[in-house]
Structure formats: structure tokens, C-alpha cells
Amino acid sequence: MEAFQEILKRSKNIVAIAGAGLSAGSGIPTFRGAGGLWRKYDAISLATPEAFRSDPSLVWQFYHYRRTIAGQKSPNAAHYALASLSIPSVLKRVAPNAESFTLVTQNIDGLSTRAFREVAQRHSLSERDIDNLTRDTIIEMHGRLFDVLCTDSSCGHREHNTTNPICPALAGTEEITERHHEIDEWPAIAPLDLPRCPKCDALARPGVVWFGEGIQRTYTIDSVVEKADLALVVGTSSTVYPASGYQSIVAESGGNVAVFNIDDDTISSGRHLSFIGKCEDILPTALF
Ligand code: BJW
Ligand code: ZN
């Protein structure tokens, strides 16, 4: 802990790379651990563009289920601890030499942004500053669960939509998804009854990044990672490219890496500190 706090005091550009473990304490399932989504559901049938093209009804049921869970959850102490670092005055107190802090999260649940807005309002930041700091300091690289995207590339409309159910035909399907992990037991919903683009009426899709798709804000992330001299790696198995490579980039350029995870078998390289335990317990103590 002391070594970490010394490093924190020296660091100039801090990046936090977060994964599903950050939201585990809020009750949102992870992907690969015990109770993980990919242990129950088949990722290839549900989280690829091919899956959506071949059966949008199944994919929408999976994301409706996830929207229903996430909509009932709130940020935890780890979200708030990281969110506080996005407030410039707090960052200066915790890391006096810091010039930047950026949270690059693989999570699509929006809890980091919600935590930041709450913390920023408590610090009486203006709505304009809150919007600017959200854009500059929080990168949701795998998209957003509550964004809806038009499938017609000539339209490309994207909007935030937290309505639940997002269309009448999905109402109640979350209970079937929860009970039956085999997709052949899920009902078939006609494409015309699935969410449609409000601009052009084409089929809409969840605004998330599936396997084989390019991530959001790649160039911004690359520049943040390249200049970082401290990476906080929080609650990720570091198995999904490209996020899996960020901590090595920081380590290889001489930076420090601090891992916060309940397991100590996550991939690590170079100099690093490990905090083994729940990030919602450890991060607030380590940072403040
Ligand atoms: C705690 C805790 C607590 C628990 N406290 N810790 C072969 C086929 C197809 C693609 C590929 C392939 N080989 C490689 C690829 C590339 C692929 C990839 O890496 N696949 C690997 C699985 C092999 N990557 C991509 O496709 C990416 N895009 C890409 O590469 O574009 C470039 C390109 C495009 C086209 C052609 C060529 C190149 C996109 C990846 C998108 C990932 N999408 C998902 C689903 C998003 C939407 C959704 O949520 O449904 O993102 S997959 C899933 O995994 C989700 C997560 O963000 C991501 C990462 O998982 P994460 O967050 O690490 O969760 P877990 O569960 O793995 O780990 C949780 C950790 O928390 C554990 O370590 C616990 O111990 C810990 N923990 N509680 C602290 N309280
Ligand atoms: Zn459209």
C-alpha cells in the first residue's frame, strides 16, 4: 500500500483500465468467473455481428435481460473512488504531480458515468464541466448497453434509450432468459416487433461492441495508454483484445501497473503491484 501511494504521488498520467469486476460489487454478473455470463450463455450465439444478422430476436432478448439487470443496479464504492479522480481538485490531492486521469472501461453498464455525475454534482461542477469531463476522462470502449444503433449504415443514428422494455414484444422475456440458458428455448420475435430506428425505421441494434468489431475511440485510447506512467487495472481478466494489451504497453514504456482483482492469476507483465481482493473494498483505501 505504501509503495503504491508513493508511486501515485509521482505519477503524471494515470489510466485506469476496468472490466466487469468493477461492477461485480453492484450485482452485475461478470463474463468468465463463477456465475459469469459466458459460463451460462454462448457468447458466439449472442455477442457477434453474425449472431445478430442471423437471429436478432435472440440477441435482443439477451440484451433486454442485461438492460433489466443493469437498470436496477447502482454504482459501488470502486466506481465512486475512480470517479473522484476525474475531478481535477481531487486528482491534485491524491496525485499532486498528475496531469491527467482517464478511465478506459470495457463495461457497458454506464455505472462509471453515473458515479462521476453524482460526485461532480456534489463538487458543484457546472453541467457544462460535467459533460466535458465525462467526455475527456471516461471512455466506454465497448459501447453502452443503453445506446441503440441503427443497422442501416446510411442512417447510422445512435441514441441513448433507457426505456424498459425497449419495445412491447420484449416485455417479460427477461424471465425466460434468466431461467433458460439454452437459446433454443427462447421465443422468436419477428424483426418488425424488435426495436426500430426512430429516424428511418430500419432494425435497431444494441450500441455495444461485439467480437470482431472495432472498439470505440481507438485513437484516443492509444494516446492515453502510450503516455500513461501508471495503469490501474481493475476487475478485468485481461483476456479480450485490445484492452488485454494496455497494461503491457504501460509497463514496457517504464510505467507502473497496479492490479486490483479478487484473483491473482490475471495476466500481468513487467513491474506491477497486486491488490488481491474486491476492488470495491480496496480501491477507496488505496486511493484516499
Ligand atoms: C473482480 C471482482 C471484484 C470479479 N473486484 N475484481 C477469435 C475470434 C473472434 C475475435 C477474436 C479471436 N481472437 C481474438 C479476437 C479478438 C477479440 C478477442 O480478444 N477475443 C478473445 C476472447 C480471444 N476481440 C475483439 O473482437 C475486439 N475487437 C477487435 O479486436 O477489433 C479489432 C479487429 C476487428 C476486426 C477484425 C480484426 C480485428 C472486440 C471485443 C469486444 C468484446 N465484447 C464483450 C461483449 C460486449 C458487449 C456485452 O457486454 O455484451 O465485452 S466480450 C466481454 O469480455 C465484454 C467485456 O467487456 C470483455 C472483457 O471481459 P472482462 O471485463 O475482463 O470480464 P471477465 O469476466 O473476463 O473478468 C472479470 C474479472 O473481474 C476477473 O478477473 C475476476 O477475477 C475479477 N473480479 N469480481 C475485483 N469484486
Ligand atoms: Zn436509421
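Residues numbered from 1 in each chain as written. Chains lettered and ligands numbered in written order. Predicted model: local features only at pLDDT ≥ 70, side-chain atom pairs only at ≥ 80, totals over all residues.

Labelled according to an unreviewed UniProt entry, the chain appears under the name NAD-dependent protein deacylase, originating from Coniophora puteana. What UniProt states about the chain under its Subcellular location (unreviewed entry) heading is, verbatim, "Mitochondrion". Database annotation for the chain, UniProt heading Function (unreviewed entry): "NAD-dependent lysine demalonylase, desuccinylase and deglutarylase that specifically removes malonyl, succinyl and glutaryl groups on target proteins. Has weak NAD-dependent protein deacetylase activity; however this activity may not be physiologically relevant in vivo." (UniProt positions renumbered as here; feature names shortened; annotations may be inferred.)

Asker: What is the right way to look at the overall build of the chain in this model?
Answerer: Scanning the chain from terminus to terminus reveals 14 helices and nine strands. Since a compact globule built from 288 residues should have a radius of gyration of about 19 Å, the 19 Å found for the chain is in line with a globular shape. Judged by the C-alpha coordinates and their principal axes, the chain covers about 60 × 40 × 30 Å. Counting the 288 residues in the chain, one finds 41% classified as buried. Contacts spanning at least 24 positions in sequence make up 72% of the contacts within the chain whose residues lie at least 6 apart. (Helix = DSSP H or I, 4+ residues; strand = E, 2+ residues; numbered from the N terminus. Rg over C-alpha atoms; globule rule 2.2 N^0.38 Å. Buried ≥ 20, exposed ≤ 12 C-beta atoms within 10 Å, placed from the backbone. Contact = placed C-beta atoms within 7 Å.)

Asker: Would you explain the sheet that holds strand β1 (residues 13-18) in this entry?
Answerer: Within a sheet, neighbouring strands are paired by backbone hydrogen bonds and run either parallel or antiparallel to one another. The strand order β3-β2-β1-β7-β8-β9 describes an open sheet built from six strands, whose pairing is parallel. Single-partner strands in this sheet number two, and they are β3 (138-140) and β9 (272-276). Neighbouring strand axes in the sheet, compared pairwise and without regard to direction, differ in orientation by 15 degrees on average. In terms of strand pairing, β1 meets strand β7 (residues 230-234) through five bridges, oriented parallel. (Pairing = 2+ DSSP bridges. Axes fitted to C-alpha atoms, helices over the stretch in contact; angles between N-to-C directions.)

Asker: Mind showing me how you'd approach unusual backbone geometry here?
Answerer: Note: most peptide bonds trans; most residues except glycine with negative phi. Here the residue pair Asn164 and Pro165 is connected by a cis peptide bond, since its omega of -5 degrees sits within 30 degrees of zero. Summarising the element assignment, Pro165 is placed in the loop between β5 (158-160) and α11 (173-179). Residues Tyr241 and Pro242 are joined by a peptide bond in cis, for which omega reads 0 degrees. Structurally, Pro242 is set in the loop between β7 and α13 (243-252). Of note in this structure, Ser124 is not a glycine but carries a positive phi near 60 degrees. Tracing the sequence through the fold places Ser124 in the loop between α9 (111-122) and α10 (127-137). Owing to 7 C-beta atoms within 10 Å, Ser124 belongs among the exposed residues under this scheme.

Asker: Would you explain the site of ligand 1 in this entry?
Answerer: Lining the immediate surroundings of ligand 1 are 37 residues, of which Gly19, Gly21, Gln106, Ser237 and Tyr241 lie closest. Every element with two or more residues in the shell around ligand 1 is listed here: α2 (21-24), β8 (256-261) and α14 (279-287). Looking at the shell around ligand 1 residue by residue, the class counts come to 16 nonpolar, 16 polar and five charged. Taken together, domain 1 (1-28 + 75-142 + 215-288) and domain 2 (36-72 + 148-208) each give at least three residues to the shell around ligand 1, which thus spans both. (Near = placed C-beta within 6 Å. Nonpolar A, V, L, I, M, F, W, Y, C, P; charged D, E, K, R; others polar. Domains from an automatic or database assignment.)

Asker: Any chance you could explain the UniProt feature "binding site: substrate" (unreviewed entry) in the chain here in plain terms?
Answerer: When the UniProt feature table is mapped onto this chain, "binding site: substrate" (unreviewed entry) is found at Tyr63 and Arg66. Position of Tyr63 relative to the elements: it lies in helix α6 (residues 56-71). The residues contacting Tyr63, other than those within four sequence positions of it, are Leu145 and Pro206. Mapped onto the elements of the fold, Arg66 is located in helix α6. Its 21 C-beta neighbours within 10 Å are what place Arg66 among the buried residues.

Asker: Explanation requested: the sheet that holds β5 in the structure shown.
Answerer: If you walk across this open sheet you meet the three strands as β5-β4-β6, and the pairing is antiparallel. A strand with exactly one partner marks an edge of an open sheet, and here the two such strands are β5 and β6 (204-208). Pairwise comparison of adjacent strand axes, ignoring direction, gives a mean angle of 40 degrees for this sheet. Strand direction decides the pairing type here: strand β4 (residues 143-150) and β6, joined by four bridges, are antiparallel. Residue Gly143 lies in a different strand from β6, and its bridge partner there is Val208.

Asker: Help me understand the nonpolar core in this model?
Answerer: In globular proteins that are soluble, nonpolar side chains generally tend to be buried together. Of all hydrophobic cores here, the largest spans 49 residues; its most connected members are Val15, Ala231, Val234 and Phe260. Ignoring any residue separated from it by four or fewer positions in sequence, one finds Val15 in contact with Thr102, Val104, Val224, Val225, Ala228, Ala231 and Val250. Ala20, Phe52, Leu170 and Leu194 belong to the second largest nonpolar core, which has 20 residues in total. (Core = buried A, V, L, I, M, F, W, Y, C linked by C-beta atoms within 7 Å.)

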